[in-house]
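Structural characterization, general
Given next are the chains, with one letter for each unit.
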Amino acid sequence: MATFLGRAAELSTFDRLLTGASEGAPAAVLVGGDAGIGKTTLVAEAARRREVPLLVGRSVPMAGETIPLAPLTELLRSVRRRWPEVLDSDPDFAPLRDWLTPGSGPSTGPAGMLFGPVLDLLRAMTSTQTLLVVIEDLHWADPVTWDLFDYVARNLTDEALVLTGTYRANEVGADVTQRRRLGELARVPNVHRVHLGGLERDDIAARIASRLDAPPPVDLVDAIVARGQGNPFFTDELVSAHLAGETIPAILSDLIATDLAELGDPAQKVAAIVATAGHDTNHGVVAALADLDETVLEAALRELIDAQLLVIDAESSAYRFRHALIGEVVYDGLLPSERVRLHRGLAGILQAQPPSELARADRAAELSFHLDRANDIPTAFTALLAAADANAAFSPAAAYRQLERALELWDQAGEVAKNESRADRIWQTADLATATVGNARAVEILERAAPYGPPSRGEAWAHERFGRALWGSGRLDDSAREYEMAARLIEQGVSEPGLGATMAGLGQGELMFKHYDAAENWATRAIELLGAPDVDPVGWSMAQRVRGVISIHRGEVENGAALCRESIAAAPSAQTRALATLYYGVGLVGAGCYHDALTLALDAVAEAQVTGVEASFAPYIDAVAAEALVHLGRWDEAESILARQAGRATLPVGHIRRACVRAMLAARRGDEDGTSSALAEGASYPIDPWHRVFLDLAIADALTILGDWPAAVEMASRGWESTIEYLAQLGAQFLRYYAVAIVEDTLDRVARREEIDAAHVAADILRRVDETSAAFRSPEALEGRDVAANLADARASATRLTGADADAWARAASRWDELDQPLSAATARMHEAEAAASAGEAARATDALQAAHKTATDLGAPLLLSAIDAVSRRTRISVEPVTPTRLPSTSIEQLGLTAREAEVLSLVAAGRTNRQIGEALYVSEKTASVHVSNILRKLGVTTRVDAAAIAQRLDLDSP
C-alpha cells in the first residue's frame, strides 16, 4: 500500500479537534468527497497519528436497500470485542445488550430507545480515553442511522470524543433529504465539515514514486493525474495497471473489471460472495458458499488480498473489499443466475440461525432482502411481513417499504398468503405511509383495498380511517363523505373491535370541520366506551386530545392542558404521540402560553426525528414553535426554524401553518411583499374550516401590523363572529385586532372630515368586549393571561375615540408583559405615552415612549418605530433618554436651592417622575414630592415642565 501523503490541512483539523476533545470539548466532523477520494484513509490516519482508538460502523448497501442501524451493530460488536466488560457494566446499557443478544431485538420500542444508551455508552468509554468514532458511508445510511448520528452530534457536552461521518458528496447532493440533513447538522456549533478534493500533483507524484520505488516518469504522472483526477484510490489502481504493463483505461470500472478477469475462478467466486453479501463477510459464510477445498479457498483469498482487492478486518477477521467501488463493479458484473444463486445461499445461512436471532429487525430485513433477490417468492413474502412487523415501531420507513414489496408479491406467494389478512396488511401499509411518505400515498393504497373486504377493526373504522387519510391529502369533500358513512354505521348499532377508536376519529374529523359540539360528543362517547387507556390506547389518546384542545380554546386552559397531557401519556406509538403533542402545542399557542408551547414543540420535533415520523409531523410542529417565537419577539430564531422545514411538509395543513407564521414574521419586519406571498401560499392549499380560523387569524394579525385598516377590520370582525361562540380564546384575539384596526380607521376618517360617530364605534368595541367575556363558561377563564391581555388592549383602544386613557394602556402593557409579548407591550406603551402627553403628564409620557422605543429597536420592528417617531414629533417627546444634568454652583446659589434640591431639579429636567427621583436618590416618593414642591415655590413656577425649562436655560453642565 502507498504511504499516506498529503492532506496536511485536513489532518491538522482532526488533530486540533482531538486535542480539544481530550480537554473536554467534543466535536463532530462530516467528511465528504468523491468515491475513492480517501475519506476512510484520512480518518484512520488521524487516529493513528494521535494514537487514539478508532471505532468504525459501516452503512450496509444492498442493491438500493439498507439495513436499519447496521453501523450501530458493527460498533457495538467492536466494543464487545475490544472492551468486553463495558457493555455489561451498567444496567442502562441493557437496550444495547438486547440489540446484540439473540431473542431480544428492538421490537419492544422505537429506535429512539437506543439513542440515549448509545450516548451514555460513549460517555462511559471516554471517561478514561479519547475516542474517534466514525459512521462510514452516510449516503447509504437508513433514516434511523442518520437520526442516531444527528442525536449524538447535537448532545455532546464534555465527552473526549470526535464523532465523524463520511459520505459521497455527489450522492448526498442528489438526495434532497440527505442534503437537508447535512445542512442542518452543519449549523450545529460543534459540527465541522471537511471536503476532500483531489490530491495535488506533487502528492500524486510522491504516491506513484512510493509504489514504484523510483521517481516516476513525467509522462506517467501526467497520464495518471489526467485520468485519476487526484483520487488516491484511482491513482493506486492506475499505478497497478502500469506495473502490470497494461494500458491505462479511461474508465476505472474497466480497470477493476480487468483486475477481476485476471483472477482465477476460485478467487472470482469468493469476490462474488463478498459482493453479494453487501457487508463484512466472515470466513464461515465464504467457505459455505464457495464450496471449495480449504486449501483452494485459502489460495483464492490470498490472491484477492495480494491483488489489493480484499482486506481482512483486524478486529473481526471478516473480509471486505478494499473499497466499496470494487464490490459495486463485482456485483454489476455477475450474471442474473449467479446473483439468484448467491442470494439463495446467503438466505439459507441466515435461516439456519435461531428464530430468536431472526426476530431482530436488522436480521429480519437482511433475510427478507436475500430471499426476495433469490426469487423465492413464498418465503420472501413471509420474511418481508416478519421484517415489517419487527421494524414497524423501530424504523417505520423500512417497514413501509417491506410491506409495499409484500403486497406486490401477494398474488404470487401461493398458500402462505392464505394465512394472512390482505385487508389488514393494506391498512397497516397505509398507516405507515401517513407517517413516512404522506397521506396522498396512503389514499392511493386504500383506494385499492375495497376488493379485499373491511379490515378486522371493522367497516366503520375503515371509513373513518380512510376519511382521515383523505383529509390529510386535502380531499375535504371526499373526507366528509367517509366520516358520514362511519357515523351512520355507528348510529345503526354496528359493533366492531375498533368502535372506540372510530368514535375518537370522528371527534377529530368533526373538529376539523368546525362542528365543535359533535366533536366533543364523539370524543366523550369514545372515552365512556373505552373506559381506560389500555383498552385501546390509540382511540383513548385521540379522544383526549380532541377534548383537550376544544377545552383550551374555549378558555378552560388548565383542564384542557390536563386532557392533552393524558393524551400524550396514553399514546402507544411515535405517530400517535406526535399527533397528541401537536394538538397540545396548538392549544398552548392559542392560549398565549408561548414558552410552554415552544419547549413542547422543540422536544416533539426531536422525538419525531428519532422515531421516524419527522416527514409527516415535524413541519407542522416546528410551525407551532416558530409562532411562539414570533410572539416572544425572537424573530431570528423563528426564521431559522421555518427555514429548516422549507419544502418538507407532507400535510397541506402543515404548509398552511408554516405560511401563517411566515406572514406574521414578515409583517413584523415591515416586509409587505413577503407577507402577501406567504398569505397567498397559505390560501393556495385545500383548507378545512378548523385551519381556516388560524389562517384568518394570521391574516388579521398581518393586516393590523401593516396598517391596512379596512381589510383588517373586515377580517377580524369575520373571525370574531366565527369563533366567539365555541372558541372564545381565539375570539378574544380577533377582537383585539378588530379594536385596533377600527379605531385607526375611524381616526383616519375623522382626519379626512368624514362623518362618523366615533363614540358609537367605541361603544361597539365595548359591546363586543362584553359579549366575548360572556362567552367564557367560567369566571377564571377571564383571568387567563391571554384573554385578559386581549380584552384589556381592546378596552384601551376604545378610549382613543372617547378620551385617551393612559391608565388603560398601562394595564394592557402590563398584561402583555405577563405574556412576554414585547411587540404588543411596546405598542401599548406608545399609546400610553400619547395619552399621558395629552393629559399633561410629561414625565410619564417620556418614560413610556422611551421604553417603547427601546423595545422596538431591540426587536427590529420598523413599522412600530415609525409610529413611535410620529408620536415623538407631535408630542415633542424625545425617544432618547435625557442625561441628568448638574447646575453650576453660581446658579444654585442664585436660585436659593439646597444641594439636594439641585440634584432633584436635574432629575426633573431629565423627565424623571417622583418615584424615579426617589429611587435615584434613595429617598421615598413622598420625600421626592416635597423636594419638587419646594423647588417649584423657590423658582416661582407651577409646573414641572416650567421648572425643567428654567434649569435648561441656566447653562447646565453635564455631570
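Relevant structure appears above.
Residues numbered from 1 in each chain as written. Predicted model: local features only at pLDDT ≥ 70, side-chain atom pairs only at ≥ 80, totals over all residues. Heavy atoms only, no water.

Concerning the overall build of the chain
Keep this limit in mind: Note on conventions: DSSP H or I runs of at least 4 residues are helices, E runs of at least 2 residues are strands, and numbering of each starts at the N terminus. Only protein chains enter the accessibility calculation, which uses a 1.4 Å probe; a residue is then buried when its area is under 20% of its type maximum, exposed when over 50%, and partly exposed in between. Note on contacts: a residue pair qualifies if any of its non-hydrogen atoms lie within 4.5 Å across the two residues. For the accessible areas, the method is Shrake-Rupley and the probe is 1.4 Å, while residue cover comes only from the protein chains on display. Under this rule, positive means Lys or Arg and negative means Asp or Glu; His and the chain ends count for nothing. Here the site of a charge means atom NZ of a Lys, CZ of an Arg, CG of an Asp or CD of a Glu.
Helices and strands together make up the secondary structure of the chain, namely 49 helices and nine strands. In the chain, which comprises 959 residues, the share counted as buried stands at 56%. Once local pairs closer than 6 in sequence are excluded, the contacts in the chain between residues at least 24 apart make up 67%. When the accessible surface of the chain is summed, it comes to about 38700 Å², and 51% of that surface belongs to carbon and sulfur atoms. Across the chain, 91 positive and 134 negative side-chain charges occur, with their mean positions spaced 3 Å apart.

So, a negative patch on the surface
Note the cut-off: Residues enter patches when they are more than 30% accessible in relative terms and free of salt bridges; like-charged ones are connected within 9 Å and nonpolar ones (Val, Leu, Ile, Met, Phe, Trp, Tyr) within 5 Å. Put simply, a salt bridge is a Lys or Arg side-chain nitrogen that is within 4 Å of an Asp or Glu carboxyl oxygen.
A contiguous patch of negative charge, built from Asp671, Glu672, Asp673 and Asp708, is present on the exposed surface. Along the chain, the position of Asp673 falls in helix H35 (residues 672–683). Relative accessible area serves as the criterion here: at 67%, Asp673 is assigned to the exposed category.

Considering the packing of aromatic side chains
Where we set the bar: Any pair of Phe, Tyr and Trp rings, taking the six-membered ring for Trp, is counted once the centres come within 6.5 Å. Such a pair is stacked with planes under 30 degrees apart, edge-to-face with planes over 60 apart, and tilted for the rest. Placement of a charge over a ring requires the Lys NZ or Arg CZ to be within 6 Å of the ring centre, with the centre-to-atom vector within 35 degrees of the ring normal.
Within the structure shown, the criterion is met by six aromatic pairs. Taken together, a centroid distance of 4.9 Å and an interplanar angle of 85° make the contact between Phe381 and Trp410 edge-to-face. With Phe381 in helix H20 (residues 377–391) and Trp410 in the loop between helix H21 (396–409) and helix H22 (422–436), this residue pair connects regions lying 29 residues apart in the sequence. Classification of Trp410 by relative accessible area gives buried; the value is 7%. Residues Tyr483 and Phe513 carry aromatic rings whose centres are separated by 6.4 Å and whose planes lie at 80° to one another, so their mutual orientation is edge-to-face. Placement of the pair is Tyr483 in helix H25 (residues 476–491) and Phe513 in the loop between helix H26 (499–512) and helix H27 (516–530), with a sequence separation of 30 residues. The residues Tyr483 and Phe513 share a single accessibility class, namely buried. Across from the ring centre of Phe694, 4.2 Å away, lies the NZ or CZ of Arg657, which sits over that ring.

Here we look at the packing of helix H14 (residues 283–290) against helix H17 (residues 336–351)
Helix packing for two helices is described by the angle between their axes and how far apart those axes are. Using the following cut-off: Axis definition: a line fit to C-alpha positions, over the contact stretch in the case of helices; interaxial angles, taken between N-to-C directions, run 0 to 180 degrees. Should an angle fall under 35 degrees it is taken as roughly parallel, and over 145 as roughly antiparallel, whereas 65 to 115 is taken as roughly perpendicular and any remaining angle as oblique. Two helices cross in a left-handed way if the nearer one is turned anticlockwise from the farther one by less than a right angle. They cross in a right-handed way if the turn is clockwise. Note on residue classes: Ala, Val, Leu, Ile, Met, Phe, Trp, Tyr, Cys and Pro are nonpolar, Asp, Glu, Lys and Arg are charged, and everything else, Gly too, is polar.
Direction vectors running N to C along H14 and H17 enclose 130°, while the axes themselves pass 10 Å from each other. As judged from the angle between their axes, H14 and H17 are oblique. The handedness of the crossing between H14 and H17 comes out as right-handed. Taken together, the residues of H17 that come into contact with H14 (itself represented by Val285, Ala288 and Leu289) are Leu342, Gly345, Leu346 and Ile349. Here the contact of H14 with H17 is composed, by residue class, of six nonpolar, one polar and no charged.

What to know about the nonpolar core
The test is simple: Here, nonpolar core means buried Ala, Val, Leu, Ile, Met, Phe, Trp, Tyr and Cys residues that are tied together by side-chain atoms lying within 4.5 Å of each other.
In this structure, Leu511, Tyr584, Trp690, Ile765, Leu849, Leu864 and Ile868 are the most contacted members of the largest nonpolar core, which totals 142 residues. In this structure, Leu511 is in contact with Tyr516, Ala519, Val546, Val549, Ile550, Tyr583 and Trp690, ignoring residues within four places of it in sequence. Of all hydrophobic cores here, the second largest spans 42 residues; its members include Leu30, Ala141, Val144 and Val152.

Looking at the side chain of Ser551
Following the sequence through the fold, Ser551 ends up in helix H28 (residues 537–553). Take Ser551: its relative accessible area is 1%, and that puts it in the buried class. Beyond its immediate sequence surroundings of up to four residues, Ser551 is in contact with Glu556, Val557, Asn559 and Gly560.

Observations concerning the environment of Thr913
With respect to the helices and strands, Thr913 occurs in the loop between helix H46 (899–909) and helix H47 (914–921). Taking the C-alpha atoms as reference points, Thr913 and Gly531, 382 residues apart in sequence, are found 62 Å from one another. Excluding residues that lie within four positions of it along the chain, Thr913 makes contacts with Ala843, Arg844, Asp847 and Arg944.

Here's the deal with empty space enclosed by the protein
The condition is simple: In the cavity and pocket records, a cavity denotes points on a 1 Å grid over the protein atoms alone where a 1.4 Å probe fits but cannot get out, a pocket denotes an open set with protein on both sides within 12 Å along at least 5 of 7 lines, and lining residues are residues with an atom within 4 Å of a point. Grid points are joined across faces, edges and corners, and a volume is the space filled by probe spheres set on the points.
Applying the stated rule across the entire model yields seven cavities of 30 Å³ or more. Of the pockets and cavities examined, the largest cavity occupies roughly 180 Å³. In terms of lining, the largest cavity is formed by 16 residues, of which the most central are Leu72, Leu75, Val118, Leu122 and Val133. Put simply, the parts of the chain that give the lining of the largest cavity at least two residues each are helix H3 (70–82), helix H5 (112–125), strand E5 (131–136) and helix H6 (143–154). A per-class count over the lining of the largest cavity returns 15 nonpolar, one polar and no charged. By volume, the second largest cavity amounts to about 150 Å³. Breaking the lining of the second largest cavity down by element, the ones donating at least two residues are helix H30 (574–590), helix H32 (614–631), helix H34 (652–668), helix H36 (689–706) and helix H38 (728–751). In terms of residue count, H36 provides more of the lining of the second largest cavity than any other element does, four residues in total. Tallied by class, the residues present in the lining of the second largest cavity amount to 10 nonpolar, three polar and three charged.

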